[in-house]
Structure formats: C-alpha cells, structure tokens
Amino acid sequence: MVLRMACPTKRKGSDNWYFRRKLPADLQRILASLPKSRRPPGWHRQHIVISLGTADRDAAKAKCPEVAATVERQMEALRKGPAPLTPKQIAGLSGLVYRAFTEGLEEDPVLAAEQWRAIAEANRDARLGQHGLGAQLGIFDDHADRREFSMESRFGKMVDAVLLCEGIVTDDTSRWRLIEVLSRDLTEAAEKLARNADGDYAPDAYATRFPTWEGPDAKPDAGRSISALVEAWQVGAIARGVRPRTAKRWQAAVLRFTKALGHDDLRRVTPAAVQRWANERNAAGISAKTINDTDLAALHAMFAWGKRAGWLDTNPAEEARIEGRGKPEVRERYFTSDEAGAILRAALAVNGTDREDPKTTAAKRWVPWLCAYSGARVMEMVQLRKQDVRRDGGTWVIRLTPEAGGIKTNKFRDVPVHLHLVEVGFIDFVKTAEAGHLFCHLGADGAVSGSAEGVYSRIREAVRGAVSDPAVQPSHAWRYTFKARGIEVGIEEVVLDAICGHAAATQGRTYSRVTLKTRVEAVAKVPRYRLHSG
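Owing to the predicted nature of the structure, the values given are computational and were not obtained by experimental measurement. (Residues numbered from 1 in each chain as written. Predicted model: local features only at pLDDT ≥ 70, side-chain atom pairs only at ≥ 80, totals over all residues. Heavy atoms only, no water.)

1. Things to note about the pattern of salt bridges
Under the counting rule described, the total for this entry stands at 26 salt bridges. Arg377 is paired through a salt bridge with Glu380; the nearest N and O atoms lie 2.8 Å apart. Judged on exposure class, the residue Arg377 and its partner Glu380 are both buried. The shortest N-O distance in the salt bridge between Glu380 and Arg413 comes to 2.7 Å. Here Arg413 lies in strand 6 (residues 413–416) and Glu380 lies in helix 14 (residues 378–382), a separation of 33 residues in the sequence. For the pair formed by Glu380 and Arg413, the shared burial category is buried. What emerges from the salt-bridge pattern is a single network uniting Arg331, Glu332, Glu339 and Asp469. (Salt bridge = Lys/Arg side-chain N within 4 Å of Asp/Glu carboxyl O. Buried < 20%, exposed > 50% of the residue type's maximum accessible area, 1.4 Å probe, protein only. Helix = DSSP H or I, 4+ residues; strand = E, 2+ residues; numbered from the N terminus.)

2. Observations regarding the packing of aromatic side chains
If you walk through the whole model with that rule in mind, you get 14 aromatic pairs. Here the aromatic cluster, defined as three or more aromatic residues joined through ring pairs, consists of Phe335, Trp369, Tyr373, Trp478 and Tyr529. Above the face of the Tyr529 ring, Arg485 is positioned so that its terminal group lies 3.7 Å from the ring centre. (Phe/Tyr/Trp six-rings, centres within 6.5 Å; stacked < 30°, edge-to-face > 60°. Lys NZ or Arg CZ within 6 Å of the ring centre and 35° of its normal.)

3. Some words on the side chain of Thr401
Structurally, Thr401 is set in the loop between strand 5 (395–400) and strand 6. Take Thr401: its relative accessible area is 7%, and that puts it in the buried class. When neighbours within four sequence positions are excluded, Thr401 is seen to be in contact with Arg385, Asp388, Ile407 and Phe412. (Contact = heavy atoms within 4.5 Å.)

4. Section: the confidence of the model for the protein chain
Across the protein chain, the average pLDDT comes to 83, with 88% of residues at 70 or higher. A low-confidence stretch, residues 1–5 stays under pLDDT 50, and its non-local contacts, those more than four residues away or across chains, total 17 contacts. Here residues 216–223 is modelled with pLDDT under 50, and outside its nearest four sequence neighbours on either side it reaches 18 contacts, counting other chains as well. (pLDDT = per-residue confidence, 0-100.)

5. A look at the nonpolar core
Residues Leu384, Phe426 and Phe439 are the most contacted members of the largest nonpolar core, which totals 59 residues. If you tally residues by element for this core, the top one is helix 13 (residues 358–372), at eight residues. Ala247, Ala298, Leu299 and Ile322 belong to the second largest nonpolar core, which has 30 residues in total. (Core = buried A, V, L, I, M, F, W, Y, C linked by side-chain atoms within 4.5 Å.)

6. Let's talk about helix 6 (residues 143–165)
Structural remark: α-helix, 3.6 residues per turn; residues separated by three or four positions point the same way. Under the 1.5 Å per step criterion, the end-to-end length of helix 6 is 32 Å for 23 residues, consistent within 8% with the ideal 33 Å. Of all bends in helix 6, the biggest is about 55 degrees, found at Phe155. Once helix 6 finishes, Gly167 follows within two positions and takes phi at roughly 70 degrees, a positive value. (Expected span 1.5 Å × (residues − 1). Bend = angle between axes of the 7 residues up to and from the residue.)

7. Some remarks on the side chain of Arg377
Within the secondary structure, Arg377 is located in the loop between helix 13 and helix 14. Those residues within four positions of Arg377 in sequence are excluded, and the remaining contacts are Cys371, Lys408, Arg413, Arg479, Cys500 and Gly501.

8. Here we look at the pairing of strand 4 (residues 389–392)
In this structure, strand 4 lies alongside strand 5, joined through four bridges in antiparallel fashion. The residue of strand 5 that forms the bridge with Arg390 is Val397. Counting the residues between successive antiparallel strands, the hairpin from strand 4 to strand 5 contains two residues, one of them, Gly393, with a positive phi of roughly 65 degrees. (Pairing = 2+ DSSP bridges.)

9. Some words on the environment of Thr208
Along the chain, the position of Thr208 falls in the loop between helix 7 (172–197) and helix 8 (226–240). Separated by 113 residues in the primary sequence, Thr208 and Gly95 have C-alpha atoms spaced 9.5 Å apart. Of note is the side chain of Thr208, whose polar atom sits 2.6 Å from the backbone oxygen of Ala205. (Polar contact = N/O pair within 3.5 Å; in protein donor to acceptor, adjacent residues only side chain to side chain.)

10. Regarding helix 7
Between its first and last C-alpha, helix 7 extends 37 Å over 26 residues, near the 38 Å set by a 1.5 Å rise per residue. Of the residues trailing helix 7, Gly199 is marked for its positive phi of about 95 degrees.

11. What about the environment of Arg399?
Inspection of the secondary structure puts Arg399 in strand 5. What makes Arg399 partly exposed here is its relative accessible area of 30%. The sequence separation of Arg399 and Val389 amounts to ten residues, and the corresponding C-alpha distance is 6.4 Å. Contact partners of Arg399, with chain neighbours within four places excluded, come to Leu384, Asp388, Arg390, Phe412, Arg413 and Asp414. Among the polar contacts made by the side chain of Arg399, one reaches the side chain of Asp414 at a distance of 2.8 Å.

12. Quick word on the environment of Pro24
Its place among the elements puts Pro24 in the loop between strand 2 (17–22) and helix 1 (25–32). Accessibility expressed as a relative area gives 17% for Pro24, which makes it buried. Remark: the alpha-carbon pair of Pro24 and Gln46, spanning 22 residues in sequence, is separated by 7.8 Å. Sequence-distant contacts of Pro24, that is, excluding residues within four places in its chain, are made with Met75 and Arg79.

13. Describing the packing of helix 6 against helix 7
Interaxial distance between helix 6 and helix 7 falls to 9 Å at its minimum, and their mutual angle equals 95 degrees. One way to sum up the angle between helix 6 and helix 7 is to call them roughly perpendicular. On helix 7, the residues touching Arg147, Glu148, Met151, Glu152, Phe155, Gly156, Met158, Val159, Asp160 and Leu163 of helix 6 are Arg175, Trp176, Leu178, Ile179, Glu180, Leu182, Ser183 and Leu186. The class makeup of the residues in the contact of helix 6 with helix 7 is ten nonpolar, two polar and six charged. (Axes fitted to C-alpha atoms, helices over the stretch in contact; angles between N-to-C directions. Parallel < 35°, antiparallel > 145°, perpendicular 65-115°, else oblique. Nonpolar A, V, L, I, M, F, W, Y, C, P; charged D, E, K, R; others polar.)

14. Things to note about the packing of helix 13 against helix 17 (residues 449–466)
Running from N to C, helix 13 and helix 17 cross one another at 60 degrees; their axes reach a closest spacing of 9 Å. Our classification of the angle between helix 13 and helix 17 gives oblique. For the crossing formed where helix 13 meets helix 17, the hand is right-handed. Mapping the contact onto sequence places Thr360, Ala363, Lys364, Val367 and Pro368 in helix 13 and Val455, Arg458, Ile459 and Ala462 in helix 17. Classifying every residue of the contact of helix 13 with helix 17 gives six nonpolar, one polar and two charged. (Left-handed = near helix turned anticlockwise from the far one by under 90°.)

Below you can see the structure in the form of structure tokens.
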C-alpha cells in the first residue's frame, strides 16, 4: 500500500507550514509502547506534525521530500523493532557526531579554548559519575547507579537524537554502549575544538579511527519498498513543479507494476521483470504508445530518481520498451461538425441538481465551449479563475496561468474570447461568479488538483454522453478540432501553436513573437460552430 503523500499544511494560529500525516494503526500501537523520550519529535498518538520552519509555501514544499524520507526511515525502523548494533556500527554512529562537531565548528569554534576545555571536563565528570545535581547531592549509594544517572543526563538525549535522525530503533544494551562510546569521543571533540580556538590546526589523527557509517541511506536494498519510493518521489516531484495530475498518473502506473509483481521489495526489481510486465500489458491489448509513454516512462522516472537519491544502484527500467506501431487510427482525431454541435448543444442544456456542486455544473456548461474556441487542454480551463478573465481594449481575454493550477508548459498564455462565447453568456456568467476558481475548489494544501480531477471526470462523462465513438478522445479532440478549423480559414500554424500552448515546431519558431493583437485577429477568423445537426 502506498502511503498518502503529505504536502505542507497550515496549523490554526500559525504562519508556519507543517508536514502532516496520519499514523497507520500498527505504528500507533508501537508508539504507545515507547517512552515519550524515545518517540520522534512531532510524533503523536495518531498522527505526525513536524514544523517545516518557514511561512513560505514554496520553501516548505522543497523541504517536504527530506522530511518525508526521514519519517519513512523512522517508520521502517519502528516496524522492524529493536535491533542490536555491532561495535562497528556504534563506532560509525559516534563518528557522525564527532565529525558534526569538529568539522562543523572547525572554521569558527564559536567558544573560547577554556570553554571547550570546560566542556571536556564536564564530559569526564559524567564518565566518573559526578555530573548532574542528583550525582552531586549524593542520593545514590551505589557508584554504578550514580554513574548511569550521570551519563544518561549528560549524553542520553543526544544519543536518542542520533538514533532518531538515522531511523534506528535498537535495544537498551546497544543504546548504552553508544552512550559510553559517544561520551569518550565527544570529550576528544571538545579538546580538538579547544586546540582550534587556540590557533592549532594540526591534522586530526583521532578522526581516522571512525569507520564509515553505513546506515539506511547507504544500503538502499535493505528493506526498501517500491511504495516508499513512490511516496518519496511524489513529494519531491510536487516540490519540483511536476503537475499533480502527471504525478498521480505515474504513481498509478507504478502501483499497477507493483501489483503485477506480487511483492513490494525494491531490491527484487530486475530489468527482466519490468520488460515482462510491459510485454504482458501489450499482450492484453494496451497500445505500445501507452505502455512506453506512461507505464514505462513512470517506472523509468521513479527508478532514475531512486538511483540519484541512493535507493538503487541501477535503473531496472532504463532499457525497457515495447517495439511496434501505435494503435491503428480508424478516423480523424478531431470532432466532426455534427459531433462538436452535439457536445455544445448538450452543454447549453446542462441543468444542475440539488446534489451536484454548482461549480461542477458550471464546468459541464462552459468548459466544452471554452475548449472549442481555444484549443486549450480541458484541465487548463477547469482551473480557470475569475481574475484570469479580463477586458483588454475591446476584447475579452482569458489568461491561462500556472498560478491557477498546473500548466503543462509551466508558462502563461493569453487566449482571446471568441464572440460566440460572449453571445451565449460566458462573460455574464464570469461577472456574476464569486471570486476565485470558477469550476473547482481549493484543497487544504492550497492546490486545486484533487477537486479539478473530479470535475475533469464529470466533463468527460458528459461529453461521452453526446459523442460515444471510442475512437475519438472526448477531451483532447478539441485541440485537434480547433487547429483543423484554424488551418481551414488560413491561420498560420505558429499562431495556432501560440493560442493552444503547443511547443514551436522548429527552433526558429521559438523566436517568433505572436502578439495578443495577432491572436485576437486569428480567433475572430474561427467560424462559429453549428448548433443544429446536418
């Protein structure tokens, strides 16, 4: 099962953004058995809430992948239960802390030499059982009890923080051994920083004693799951600006692959398994184009990301591909005049119900018309906002912008409103609509992707009710239709590309400047759709 992506959210009364997710039932039971001091910061009985330390949403989104990866390591460790650490692992962990102090503060030790020496002395007192008020007051008769209390109060919290950071759940014996080793090594670290503060930067021979720490990130094949990779990739993808709809579609493709494999073990994924799955999909009637452009593209992207992030040594989907021609075309890709008229008539006749969201009703009414006269992608129009429709001189203009939601090119473009749209009442609808998105709602994370997906599906169903031919795409066909009609009336292809948001066909065309005036003149040439059949 893939864990739900945890995008940044707000808490009431706080300006900061937070990473938030619900704890699965099994982890709730495990957490209840742990002392509070051993629980990861921000982990509560039923959910996790971790501050991302910023009021800037983009900065919070960028931090989410790192937090998600840490949480994933901690969850894996808790599920596995306490495991003993080897002497080499203990030395490696202590080395992490030693280097964090000595290398992190080497350039500027911050404290004076005598202060670092006082810290080293306090560490030695703890090792002798003489640190802390309890030890000094003599409330322990037994030296071993006094020393344990002294060491725990001086180093216990730091050891727990290291274990949590590395996603390790160990037994009490290993934890205590780490406290012993760390107490010695931190004393040496304080002495080294004291020498640095005195201007002595001789090579640090003590640092050579530590082995390389090989934790969960250094051994990606040790218990890593495909579903964990999917979640980590998805959080990072959203932060990098991948459209939520694309991320969701690719997530679904990897889930199909995982289900077909019959296991969730990332280390057992091989190139042969990937190619076999692709072949089976093709044999089941899925086109080579769909498999290559969606299924294998998703696997390739996620495994490539996993390789860069250290989860995998190789990308098992790198060479996978289905050879062959695409699905045979048995008709034109654009709507016929009768089909377009049928869709637009049906849209004009849309009436809402008490159970349907008014914005969904409005979308079924207006989005087909908007796509018919713009060649825009359906999702681009679904996420249209009232403020994106403006008057420019004597023309109404729609701005399709990434600020409203996902745009494939991640670039805004201005699309003139055809006079036929004005006449059937679209501008009147916009004027009376509430501020914000016209056809979908903002989610708790400040995005419209979830709501927009549902609206997209309702529009698709409505179009299928008017045009049932499975050989024509109910949404994408408007782009072919708009271009075909534009070419018929002599509109230059570079202008049609600019209106539709298509990439330029050649490098030279990327330098062409298609002004708003040019677009207005072009859209005015597009003939009106006939609303009667025949």
